[in-house]
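These are the residues of each chain, in order.
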Number of protein chains: 2
Amino acid sequence: VSPMDGFRRKSRGKVWLVGAGPGAADLLTLRAHRVLQGATVVAYDELVSADVLKLAPASAEFIAVGRRASGCRHHEARIHSAVVERALLGHEVVRLKGGDPFVFGRGGEEAEELAAAGIPFEVVPGISAALGAAASTGIALTHRDCASAVTLVTAHAHLEHGDLSRRVPAEGTLVFYMGLTRVSETCTALVAAGRELATPAAVVSKATTAEERIVVGTLADLAQKVTAAGLQPPAILLVGDVVLRRVVSASIPPALSPRALG
Amino acid sequence: VSPMDGFRRKSRGKVWLVGAGPGAADLLTLRAHRVLQGATVVAYDELVSADVLKLAPASAEFIAVGRRASGCRHHEARIHSAVVERALLGHEVVRLKGGDPFVFGRGGEEAEELAAAGIPFEVVPGISAALGAAASTGIALTHRDCASAVTLVTAHAHLEHGDLSRRVPAEGTLVFYMGLTRVSETCTALVAAGRELATPAAVVSKATTAEERIVVGTLADLAQKVTAAGLQPPAILLVGDVVLRRVVSASIPPALSPRALG
């Protein structure tokens, strides 16, 4: 390495762990947008939409990261070393994750690895799926008349760790980040943990996108309705009285047309 | 009203219930930013920062809404009728709320009132304080090694409704949206509800702003430490093992200077 190489060389790079939000590209934060625009490397989760990726420069290197739900840690480790390697070469690396990096995004583990490697990083929060779906479908997660708390629960909590009743409270709103195939067993587990069969519940699929759909039912019949409706992933399950308080906007009246004025 | 008045008149206005995020202005979403730029009326919570308000046109009418924590519904009702009235006059009204409109923002009630008045509305989600503080302080709310759920709890849950153990689960991360004066009684209530005295806990004040501060302790000593540190509101309380897994970024090394190359 000649002194001149050293003089020209950029300082060590940096990694941004960035929340890509729930789906719609304009639900990224202004900060996430700015950081993406300066990225030279973008390592993105499969859940991140093409519209979001378009916010990064076309000249950036794009690295697809395998499906989060696969739980294949081997693959994740390989991706992560690619991120570390690019950062050590001086790149501005954006690690783009669906929703928020610190809500079921494994951002904690990745931040630890970056710290261990001595790589500067920053975490840019994102609109988590629960918040995006709530805003989009008109379900106030903590409507004051019926919920003083909302619990966000990971897909596999009750399967990996057993008793669901230690992981979710007896009252308040619950949001499960999960596979559609888990709706039935989750509703059953909630009833076993003490929730009423008649508890209102809904599944929202593809929240905030043009293909968003919602199916509303109870813990007793939701799974069947979801199957009948043929919903597509990704999806979340909302449970609690707030589902019944869903508010839908009045439609926007067409502007007065000259003809209407006769 | 002459036909010509009708021809020129805009159609009925619209209200956007917009999340202003946790503090930093660049943590608004791109959609919130766009909507704000088109606002002719901005009705904002006291918690919303001046930097955020600057994103709206200076020509807009600005209406300050009283402190959320005061619980003065009379005042809220008056503000809300001002919002409805402006919308009926054809204004593009942005109702700007700290954090997310549907997480302790009373957005549910306001949406119901808009629907009842036949006013079209849209909800634009925001980064809730828990997510902003987590990203900013390096605390992964659902670090896979120690939490499969995170519960967001309103300030007054245990005071207004009694038994905290029905409102928060036995395990997992908890985030209380609350007044600083409530730290001591909340920690005490959590121990009464079964959490260990040694449970890690932290208060983050003014998260994501230049004045952000964090105080870390346990349910046994946090309240005392927070008082000693003289933290300022707004603040949130985080409880759970994830607090101990907090990750801080390596500092950014200065670029090689010519002198260093000797």
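Here the structure is a predicted model, which is why all the values come from computation and not from measurement.

Engineer: How should I be thinking about the state of the cysteines in this particular structure?
Structural biologist: Disulfide: a covalent bond formed between the sulfur atoms of two cysteine residues. One pass over the structure, following the stated rule, counts 0 disulfides over all chains. Here Cys146(A) is not cross-linked by a disulfide; its sulfur's nearest cysteine counterpart is in Cys187(A), at 18 Å.

Engineer: Looking at this model, I keep getting lost on unusual backbone geometry. Mind explaining?
Structural biologist: Both trends apply: most residues other than glycine have a negative phi, and most peptide bonds are in trans. A cis geometry characterises the amide bond from Pro233(A) onward to Pro234(A), with omega recorded as -5°. Topologically, Pro234(A) is positioned in the loop between α9 (222-229) and β10 (235-239). Positive phi outside glycine occurs at Phe104(B), with the angle close to 55°. The topology assignment puts Phe104(B) in the loop between β4 (92-97) and α5 (107-116). Relative accessible area serves as the criterion here: at 10%, Phe104(B) is assigned to the buried category.

Engineer: Please explain the sheet that holds strand β6 (residues 149-153) of chain A as it appears in this structure.
Structural biologist: Hydrogen bonds between backbone groups are what pair the strands of a sheet, and the pairing can be parallel or antiparallel. On the basis of which strands lie adjacent, the open sheet formed by 10 strands has the order β9(A)-β8(A)-β10(A)-β7(A)-β6(A)-β6(B)-β7(B)-β10(B)-β8(B)-β9(B) and mixed pairing. In this open sheet, the two edge strands, each paired with only one partner strand, are β9 (213-218) of chain A together with β9 (213-218) of chain B. Strand-to-strand twist in this sheet, taken as the mean axis angle between neighbours without regard to direction, amounts to 15°. In this structure, strand β8 (residues 200-205) of chain B lies alongside strand β10 (residues 235-239) of chain B, joined through 5 bridges in antiparallel fashion. Bridge pairing in β10(B) places Ala201(B) opposite Val239(B). Packed on one face of the sheet, helix α8 (residues 183-192) of chain A meets β7 (173-178), β8 (200-205) and β10 of chain A and runs near 150° to β7(A). Of the strands in this sheet, β8, β9 and β10 of chain A touch α9(A), which is tilted by about 150° from β9(A).

Engineer: Looking at this structure, how should I read α8(A)?
Structural biologist: Working note: α-helix, 3.6 residues per turn, so residues spaced by three or four point in the same direction. Residue and element names in this part refer to chain A. Inspection of α8 places Val183, Thr186, Cys187, Ala189 and Leu190 among the buried residues, and these make up the whole buried set. Taken around the axis of α8, the buried residues stretch over an arc of 160°, which confines them to a single face. The outward face of α8, more than 90 degrees from its buried face, is lined by the exposed residues Thr188 and Ala192. Glycine 194 sits one or two positions beyond α8 and adopts a positive phi of about 115°.

Engineer: I keep staring at the pairing of β10(B) and nothing clicks. Help me out?
Structural biologist: Strand residues, when the strand is regular, have side chains that alternate between the two faces of the sheet. Residue and element names in this part refer to chain B. The buried count for β10 comes to 5 of 5 residues, which makes it a mostly enclosed element. Alternating positions in β10 separate into two faces, Ala235, Leu237 and Val239 on one and Ile236 and Leu238 on the other, with burial throughout. Where strand β7 (residues 173-178) meets β10, 5 bridges bridge the pair, whose relative direction is antiparallel. The partner of valine 175 across the bridge, within β10, is leucine 238.

Engineer: What exactly am I supposed to notice about the packing of aromatic side chains here?
Structural biologist: Each aromatic ring pair is characterised by the separation of its centres together with the angle its planes make. Residues and elements named next belong to chain A. Scanning the entire structure with this criterion turns up 2 aromatic pairs over all chains. Summarising the aromatic geometry, the rings of phenylalanine 104 and tyrosine 177 are spaced 4.9 Å apart at their centres and angled 65° between planes, so their arrangement reads as edge-to-face. Pair noted here: phenylalanine 104 is in the loop between β4 (92-97) and α5 (107-116) and tyrosine 177 is in strand β7, with a separation of 73 residues, a long-range link.

Engineer: Looking at this structure, how should I read the environment of Leu28(B)?
Structural biologist: Looking at where Leu28(B) falls in the secondary structure, it is placed in the loop between β1 (14-19) and α2 (30-37). Taking relative accessible area as the criterion, Leu28(B) reaches 0% and is therefore assigned buried. It is 9.1 Å that separates the C-alpha atoms of Leu28(B) and Gly99(B), two residues lying 71 residues apart in sequence. Filtering out sequence-adjacent residues up to four positions away, Leu28(B) remains in contact with Leu28(A), Thr29(A), Leu30(A), Gly19(B), Ala20(B), His33(B), Leu36(B), Val52(B) and Leu55(B).

Rules used throughout
- Residues numbered from 1 in each chain as written.
- Chains lettered and ligands numbered in written order.
- Predicted model: local features only at pLDDT ≥ 70, side-chain atom pairs only at ≥ 80, totals over all residues.
- Heavy atoms only, no water.
- Disulfide = S-S within 2.5 Å.
- Helix = DSSP H or I, 4+ residues; strand = E, 2+ residues; numbered from the N terminus.
- Buried < 20%, exposed > 50% of the residue type's maximum accessible area, 1.4 Å probe, protein only.
- Pairing = 2+ DSSP bridges.
- Axes fitted to C-alpha atoms, helices over the stretch in contact; angles between N-to-C directions.
- Contact = heavy atoms within 4.5 Å.
- Arc of directions from axis to C-beta.
- Phe/Tyr/Trp six-rings, centres within 6.5 Å; stacked < 30°, edge-to-face > 60°.

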